[in-house]
Structures are given as structure tokens and as C-alpha cells.
Amino acid sequence: MSQSVTDSTSPTEDIARQVGLRADRARQASRVLARATRDWKDRALRAIAASLDERRASVKAANAEDLERGRAAGTTDGLLDRLKLDDARIDALMAALEELAGLPDPVGTVQRGQTLPNGLRLRQVHVPMGVLGTIYEARPNVTVDIAGLALKSGNAVLLRGGSAAARSNEALLYLIRDALESVGLPADIVQSVDDFGRAGATALMGARGKVDVLIPRGGHDLIQTVLQNAQVPVIETGEGNVHIFVDASASAESAAAILLNAKTQRPSVCNTVETLLLHAQAPAAPEVLKALSQAGVTLHGDERAMALMEGLRAIPATEEDWAREYMDLDLAVAVVDDLDAALEHIRTWTTGHTEAILTNDLAHAERFVAEIDSAAVIVNASTRFTDGGQLGLGAEVGISTQKVHARGPMGLRELTTTKWIVQGDGHIRS
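Predicted model only: the values in this text are computed from it and were never measured.

Chemist: How would you summarise the domain arrangement of the protein if you had to cite specific residues and measurements?
Modeler: As assigned here, the protein comprises domain 1 (12-237 + 408-422) and domain 2 (243-391). Computed over C-alpha atoms only, the centres of domain 1 and domain 2 are separated by 33 Å. Taken together, the eight residues of domain 1 in the interface contact 10 residues of domain 2. Across the domain 1/domain 2 interface, buried area totals approximately 730 Å², and carbon plus sulfur atoms make up 52% of it. Viewed at the interface, domain 2 and domain 1 are joined by one salt bridge. Counting the contacts that link domain 1 with domain 2 gives three residue pairs in polar contact (both at pLDDT 80 or more). Looking at the side of domain 1 that touches domain 2, the elements that each hand over two or more residues are helix H4 (77-83), helix H5 (87-102) and strand S15 (408-409). Here the element with the most residues in the side of domain 1 that touches domain 2 is H4; it accounts for three residues. When grouped by side-chain class, the residues that make up the side of domain 1 that touches domain 2 number one nonpolar, two polar and five charged.

In C-alpha cells:
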């Protein structure tokens, strides 16, 4: 007697299968891309930039839908700012793509090489990782940045950009894939799993053997979810509980300008300062605090800081404030007795992203650089410079806060791995 077989595949299993099929197509596309010359890849980058310019009206219209939906859902101003794509940001994306096109191709560059005494010729060269997976939130500009970086570094990529930016990402993905085909490259170099919703992200996390590395970019909850659930190797990009220490010798004028830039230029991003540490003897303290308050920043001060902030926009800090990534016009403020106390506070609360010291004391600057263990350490400059574009990388996939493989802004070279090429003339091992 024959037994009928029914399809018992669950919706979750079906989505995992479909994401796996997209990863397979990405793998095939990456093999074509692996043979592409630098000129070919650069033409594709410039084609994406040109398409962004030509289709900016449709991109902005799609983004306006996302923004309106976000406002209706009560999304914070900080997150709405991250979501926004206006003409200035589209111009910046185009400039980043042009900059990427002007950078050297990392693929094939030799990290080291030698000829052994037995005549074997060795090279360790940079090669693409293969298929990248990325999960990020409410940042449509990241869609373009990651696509450009993946393309130039020879990788295919599967994107999960989140529901908040669904229409923006849909419009961007369409023009990117169209631009790739216009120069003869496979559109499947860049794909999305957004149409599967959260289940698409879950499938990406479970696509071991099909996705080579997964890069999350977003807030604490997203990153921890990926780290705790992914079966695919993960490069951790961290939240930014960023500190600035104003030393006793810091210039008041310079310190005020740097703090205003670090806090107010774009509060919603990860390199924005979230905690200000003031040396108890810093003459700059009153001017810095006044400037921040006048700029609309709410200061969350410890007891000693509150004594300096009478009449300013200030409230007492709680223990939770030292760990907060506000991503808004809020700033935790503490008064410390010396450099040792500043270092101890940072070690206690840092997320390993970026820390800065403002000082005219060379010994203090050198000690701060030596003892702070973060991805970026800055002396007498704004923390807003921890950014791939600002550091000459063209763009970034994210800011890695881990210590394996890549640390800090992840540009082209950080999206490659290496392989050994061994050339012989009939050599055998004795």
C-alpha cells in the first residue's frame, strides 16, 4: 500500500529556504565579481551614483512615505533624522561612491610574500569574503554605503534594512541593481531579504555555509540579538557610549567648539558624544556647559556637575545615565578629580567605540592614548571623526568594536580576508 506524502514545510522553513536560494545566487554573482577588473567595478560605482542623481525625486518620495509612517508611529526625532534622505544626503552618497571609485582595489594586494630557502614562492593576498549579510535599522544611506563597499571589495551582499526604511530601501535597491546590470555585472551582487520581514533576518542569522559573515549595524538590542542567535560568523559593530574628557589644561574656546560639534552636529549617530567628563580644576567647564545648554542640550549631571549648572538646562543624573546611548540632545556630565578618575570612569562604562581627551598636557594625552582600549582614541578633536568617510575609507559598513579581524570603521580592506598562494617547481616535502 502506498503512503501519500504531504508538504509539511512551515512558513519559517520556507523563508529560510528562499533566503538560502538568494544566498546561492549571491554566491554565483560573487564569482563573476571576483573576475572583475578595478575599472569594471569603478564603472559600476559611478553608474550607481549617476542613477541616484537621476532618480533622486523617486528616492525622496519613497523616503517621505517612510518618514510620514514613522511620525505617525511616534518615532523619535533622533531616529527620524537617521531615516531622512534629503538632497544633501543624496549628494553625500554620490560623493562617497565617487570616492570609493577613486580608492585602490584591495583585492589581490599582497600582504606579505617571500621565497623560501627551498625555492617555494609564497604570497599572502587579499581576497573577497564572498557573501556578506547585513542587518541594520532605519538607515537607508547604509544601503548605498554597503552596496558600494561590497562591490568594490568583490563581495556579494544580502541586505536586511528594516521595516522603518522599507520604501526608501526598495527604491535604492532597484536603482542599484539596475546600475549593476547597465555595466554588465549581475544584479544579484546586491539583494535584499526585507520582503520576508523579521523572518528574513532570522534566516540570515541561520544561513551558515551560505553567508560567509554577518555584520549587524544598529542599537544595543539589535546587535545583542544577532550575537546571541547567529549561527553565521559575526563581526560586531558596537553602540557608541562615547566619552570626552576635558582636562584641566584644555582651552575653553576649543573645548566648547568641539563639544558642540560632537553632541549637536548629528545627535542620532554612534560617534556622537554621550558622556562629558570634566576635570574638577578645568577652567573650560563653565563655558562648555553654558554653550551646550544654550544649544538645547539637556545635561544629566552628577552632584558636583549640578553645582556648576545652576540656571542651565540640567537635571540630576541617575546610575543608568552613565551607560546610556542617548542618540538625542542629552548628555551625561560628571566631574572627576584627575586623569586617573576619568580613565576609571571610561573603563567602567565604555562600549569600546570612541573616547577623546581635550588637553594641552602632552603627558596626559600620551597616557590617555596608551591606556584607553577602544576602537578609536582621539586627542583634541571631535568624536564625529570616527567615520569611514572622514578617515579616507570612502564609506563604512559599520564601526567594529571587537578585536578580531577588524576594529574601528570598516572600509574596503576590512571586507576582505586573505589566502596563501604557494608556487613551486615540482617541490615535495621531505
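Still more to cover.
Chemist: Quick rundown of the UniProt feature "domain: Aldehyde dehydrogenase" (unreviewed entry) in the protein? Include the residues and the values.
Modeler: Look at the UniProt record and you will see "domain: Aldehyde dehydrogenase" (unreviewed entry) annotated at residues 22-295. Between the end C-alpha atoms of residues 22-295 the distance is 48 Å, and the span holds 51% helix and 16% strand.

Chemist: Quick one: what's the story with empty space enclosed by the protein, residue by residue and with numbers?
Modeler: Taken as a whole and judged by the stated rule, the model has one cavity of 30 Å³ or more. Forming the boundary of the largest cavity are 15 residues, of which Arg82, Arg217, Gly218, Gly238 and Cys270 lie nearest the centre. Each residue belonging to the lining of the largest cavity can be placed in one class, and the counts come to four nonpolar, six polar and five charged. For the lining of the largest cavity, the two domains that each supply at least three residues are domain 1 (12-237 + 408-422) and domain 2 (243-391).

Rules and cut-offs
Each chain carries its own residue numbering, running from 1 in the written order of its sequence. Local features are withheld for residues below a pLDDT of 70 in this predicted model, meaning they are given only at 70 or higher, and side-chain atom pairs are given and counted only at 80 or more; totals for whole chains, interfaces and linings count all residues. With hydrogens and water excluded, all non-hydrogen atoms of the structure serve as input to the side-chain values. Domain borders in the structure are assigned automatically or taken from a domain database. The contact criterion used is simple: two residues touch if any of their non-hydrogen atoms lie within 4.5 Å. The term buried area denotes the loss of accessible surface (1.4 Å probe radius) that occurs when two parts are joined, taken as the sum for both partners. Think of a salt bridge as a Lys or Arg side-chain nitrogen and an Asp or Glu carboxyl oxygen that are within 4 Å of each other. By the criterion applied in these results, polar contacts are pairs of N or O atoms within 3.5 Å in which, for protein atoms, one can donate a hydrogen and the other can accept it, and in which residues neighboring in sequence qualify only through two side-chain atoms. For the purposes of this entry, the term helix denotes a DSSP run of H or I that reaches at least four residues, the term strand denotes a run of E that reaches at least two, and both are numbered from the N terminus. Three classes are used, and their members are as follows: Ala, Val, Leu, Ile, Met, Phe, Trp, Tyr, Cys and Pro are nonpolar, Asp, Glu, Lys and Arg are charged, and the others, Gly among them, are polar. UniProt positions are given in the numbering used here, feature names are shortened, and annotations may be inferred rather than shown by experiment. Any residue with an atom within 4 Å of a point lines the site, the site being either a cavity, points on a 1 Å grid over the protein atoms alone where a 1.4 Å probe fits but cannot get out, or a pocket, an open set with protein on both sides within 12 Å along at least 5 of 7 lines. Grid points are joined across faces, edges and corners, and a volume is the space filled by probe spheres set on the points.

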